[in-house]
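Single-letter residue listing:
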Amino acid sequence: MGLNRLDFAIIGIYLAGITLFGLRFRKKQRTLRDYFLAGRDIPWWAIALSIVAAETSTLTIISIPGLAYDTNLTFLQVVMGYVVGRVVISFVLLPQYFRGDLYTAYELIERRFGPGLRSLTAGLFLLTRAAAEGVRVYAVSIVVSIALGTGEVASIAIITILTLIYTFEGGLAAVIWTDVVQTAIYVGGTLVGLVTIVHLVPGGWSAIHAAAATAGKLQVFDFRVFHSSDGAWIPYTFWAGLIGGTFLTTASHGTDQLIVQRLLAARGQRQSATALLSSGFAVLFQFSLFLIVGIMLWAYYRVPSATFGRPDRIYPTFIVTRMPHGISGLLIAAILAAAMSNLSAALNSLSSSAIMDFYARLRPAASEKTKIRISRVATFVWAAVLFALALIALHKVGRVVEVGLQIASVAYGALLGVFLLGVLTRRANQRGAMVGMLCGFSAELYLWLGTHVPWTWWVVVGTSVTFAVGYAASLVAGAADVRATSS
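Definitions and limits used
- Residues numbered from 1 in each chain as written.
- Predicted model: local features only at pLDDT ≥ 70, side-chain atom pairs only at ≥ 80, totals over all residues.
- Heavy atoms only, no water.
- Helix = DSSP H or I, 4+ residues; strand = E, 2+ residues; numbered from the N terminus.
- Buried < 20%, exposed > 50% of the residue type's maximum accessible area, 1.4 Å probe, protein only.
- Contact = heavy atoms within 4.5 Å.
- Areas by Shrake-Rupley, 256 points an atom, 1.4 Å probe, with all protein chains shown as cover.
- Lys, Arg positive; Asp, Glu negative; His and termini not counted.
- Charge placed at Lys NZ, Arg CZ, Asp CG, Glu CD.
- Axes fitted to C-alpha atoms, helices over the stretch in contact; angles between N-to-C directions.
- Parallel < 35°, antiparallel > 145°, perpendicular 65-115°, else oblique.
- Left-handed = near helix turned anticlockwise from the far one by under 90°.
- Nonpolar A, V, L, I, M, F, W, Y, C, P; charged D, E, K, R; others polar.
- Phe/Tyr/Trp six-rings, centres within 6.5 Å; stacked < 30°, edge-to-face > 60°.
- Lys NZ or Arg CZ within 6 Å of the ring centre and 35° of its normal.
- Salt bridge = Lys/Arg side-chain N within 4 Å of Asp/Glu carboxyl O.
- Core = buried A, V, L, I, M, F, W, Y, C linked by side-chain atoms within 4.5 Å.
- Polar contact = N/O pair within 3.5 Å; in protein donor to acceptor, adjacent residues only side chain to side chain.

Draft legend 1. Spatial organisation of the overall build of the protein chain. In terms of regular secondary structure, the protein chain is built from 19 helices and zero strands. Principal-axis analysis of the C-alpha atoms gives the protein chain an extent of 85 × 60 × 40 Å. Of all 487 residues assigned to the protein chain, the portion counted as buried reaches 59%. Sequence separation of at least 24 residues holds for 85% of the intrachain contacts in the protein chain that already meet a minimum separation of 6. Accessible surface for the protein chain amounts to roughly 18100 Å². Of this, 67% is attributable to carbon and sulfur atoms. Side-chain charges of the protein chain comprise 36 positive and 21 negative groups, with the mean position of each set lying 5 Å from the other.

This is the structure:
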């Protein structure tokens, strides 16, 4: 079928409308507190929806259905760990963030260990977050090129420029409130798509359910660790999901500026915790929705995913070629909404960390007006960086959702291990924590590049190595300092 003028009109109205809506907040950014923390005056429900939008990208919307198309519902075991991880953050890390006037997660590290480790953790965040977001921005081009017929480079440029406009001007307030609108659009659009697929499959939901159940597509729990036939690791099992998902979320939502920045924008610790916990149940619902869409697509097509080139192309191809006009335009707009919300979150968090963790420390005497101007410049620079990284990611193969999660997971263990050393121990020191962080990061790199251990276990291993080595090295360093002092 392809898209017609009605579909293009809906997409155009969305792109113009969300950009203009975001620009409404540009006059309210007078201080860094306004620009990076939205004046700490955002209600919990808006922060909750913004958290959901920040961790949902085009990568999620197109790759999760592709994953379910090829497998089943076992990815939900990882999402269950996402909920548990939020509970851990609420009790362990969140109280620490609301002791003082913090702008970034890494100020907590300086308060506990010193400026050197703050620079190291912030630098690691900037590198790995930029790399992971480059893959996510690339995922946008899959949808836009299929829907609009534009080249992949032009597709990436369109979304990057439009998102940059309101993020550059409106800061975190624009990001959060556009997230609220975009979350409603992509969840609502997905629900409309789900109902449409049901009507397109002969026999409706009962036929889909019967076929999926017979093929084992409705399996949620898998308590194995290895395949019995060849001994290979299974990436999505109950233990990998619950334990690995808990560690991954504790790291991503407790040490990553992308999410911590939103938590700090709340009106207080209680509202921040409420936003975080409620977002967990919203994410569980959302991933269930995307996985069910994938199973429905399998019931509709009944052909190997390789027929489409790669699994990530199945859902956008279905939208463009099988959905009724108007609905297909709405769904493309919904996918773009997720892309823009995630990209705006990345731009603002990368800019806030670059300015607060590096520039403001090097130029403490700079005026507030100068810092805001430099913050906007940093937002523009990071947009250019992500655009370049997305072009590099054009050569990636496989499911982009897993590539993105792998890149992020490589650093999360080292970051979480350092944060836990600072919060849970008193004897850990900066030198020991740096040694532990280096060892934990090296362990995760080895798991990524040199083994077949699934990414769901990387953060568990990295956190454990960082914490154990960091604590032991701190004891050795402390003993050496005592001997040096006494002599």
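Having seen the structure, we can now continue with the description.
Draft legend 2. Focus on the packing of helix α9 (residues 152–200) against helix α13 (residues 269–301). Where α9 contacts α13, the axes come no closer than 10 Å and their chain directions differ by 25°. Judged on the interaxial angle alone, α13 and α9 are roughly parallel. α9 and α13 meet at a crossing whose hand is left-handed. Counting all contacts with α9, which are made through Tyr-186, Val-187, Thr-190, Leu-191, Leu-194, Ile-197, Val-198 and Leu-200, the residues of α13 involved are Phe-285, Gln-286, Leu-289, Phe-290, Ile-292, Val-293, Met-296, Leu-297 and Tyr-300. The residue inventory of the contact of α9 with α13, partitioned by class, reads 15 nonpolar, two polar and no charged.

Draft legend 3. Inspection of the packing of aromatic side chains at higher detail. Per the stated rule, a full pass over the model turns up 19 aromatic pairs. When the ring of Phe-223 is compared with that of Trp-239, the centres are 6.4 Å apart and the planes differ by 65°; the resulting orientation is edge-to-face. Pair noted here: Phe-223 is in the loop between α10 (204–214) and α11 (238–254) and Trp-239 is in helix α11, with a separation of 16 residues, a long-range link. Residue classification places Phe-223 among the exposed residues on the basis of a relative accessible area of 52%. Centroid distance Tyr-301 to Phe-318: 6.0 Å. Interplanar angle 85°. Geometry classified as edge-to-face. Of this pair, Tyr-301 sits in helix α13 while Phe-318 is found in helix α14 (residues 314–322), placing the two residues 17 residues apart along the sequence. With respect to class, Tyr-301 is no different from Phe-318; both count as buried. In this structure an aromatic cluster arises from ring pairing among Tyr-69, Tyr-300, Tyr-301, Phe-308 and Phe-318. Of note, Arg-24 hangs over the ring of Phe-25, and the distance from its end group to the ring centre comes to 5.6 Å.

Draft legend 4. Quick look at the pattern of salt bridges. Applying the stated rule across the entire model yields 10 salt bridges. Note that Glu-55 and Arg-86 form a salt bridge whose closest N and O atoms lie 2.4 Å from each other. Note that Glu-55 is positioned in the loop between α3 (44–54) and α4 (58–70) and Arg-86 in helix α5 (residues 76–92), a separation of 31 residues in sequence. Arg-86 shares its class with Glu-55; the two are buried. Across the salt bridge formed by Asp-256 and Arg-129, the nearest N and O atoms sit 2.6 Å from each other. Of this pair, Asp-256 sits in the loop between α11 and α12 (257–264) while Arg-129 sits in helix α8 (residues 115–148); the two residues are 127 residues apart in sequence, bridging distant segments of the chain. By relative accessible area, which is 5% here, Arg-129 ends up buried. The structure contains a network of salt bridges with shared partners spanning Arg-33, Arg-40 and Asp-101.

Draft legend 5. Molecular detail of the packing of helix α1 (residues 5–23) against helix α15 (residues 327–362). Where α1 meets α15, the closest approach of the two axes is 7 Å, and the angle between their N-to-C directions is 30°. The orientation of α1 with respect to α15, classified from their angle, is roughly parallel. The handedness of the crossing between α1 and α15 comes out as right-handed. Here α1 contributes Asp-7, Ile-10, Ile-11, Tyr-14, Leu-15, Ile-18 and Thr-19 to the contact with α15, which in turn contributes Ile-327, Ser-328, Gly-329, Leu-330, Ile-332, Ala-333, Leu-336, Ala-337 and Met-340. Of the residues in the contact of α1 with α15, the class split is 12 nonpolar, three polar and one charged.

Draft legend 6. Examining the nonpolar core more closely. Phe-75, Tyr-82, Tyr-97, Leu-297 and Leu-336 are the most contacted members of the largest nonpolar core, which totals 157 residues. For this core, the element with the highest residue contribution is α15, accounting for 18 residues. Filtering out sequence-adjacent residues up to four positions away, Phe-75 remains in contact with Ile-64, Leu-67, Tyr-82, Tyr-236, Phe-287, Leu-291 and Trp-455.

Draft legend 7. Layout of the environment of Gln-257. Tracing the sequence through the fold places Gln-257 in helix α12. Classification of Gln-257 as buried rests on a relative accessible area of 0%. Contact partners of Gln-257, with chain neighbours within four places excluded, come to Tyr-103, Thr-104, Ala-105, Tyr-106, Phe-125, Ser-349, Ser-352 and Ser-353. Separated by 3.0 Å, the side chain of Gln-257 and the backbone nitrogen of Ala-105 make a polar contact.

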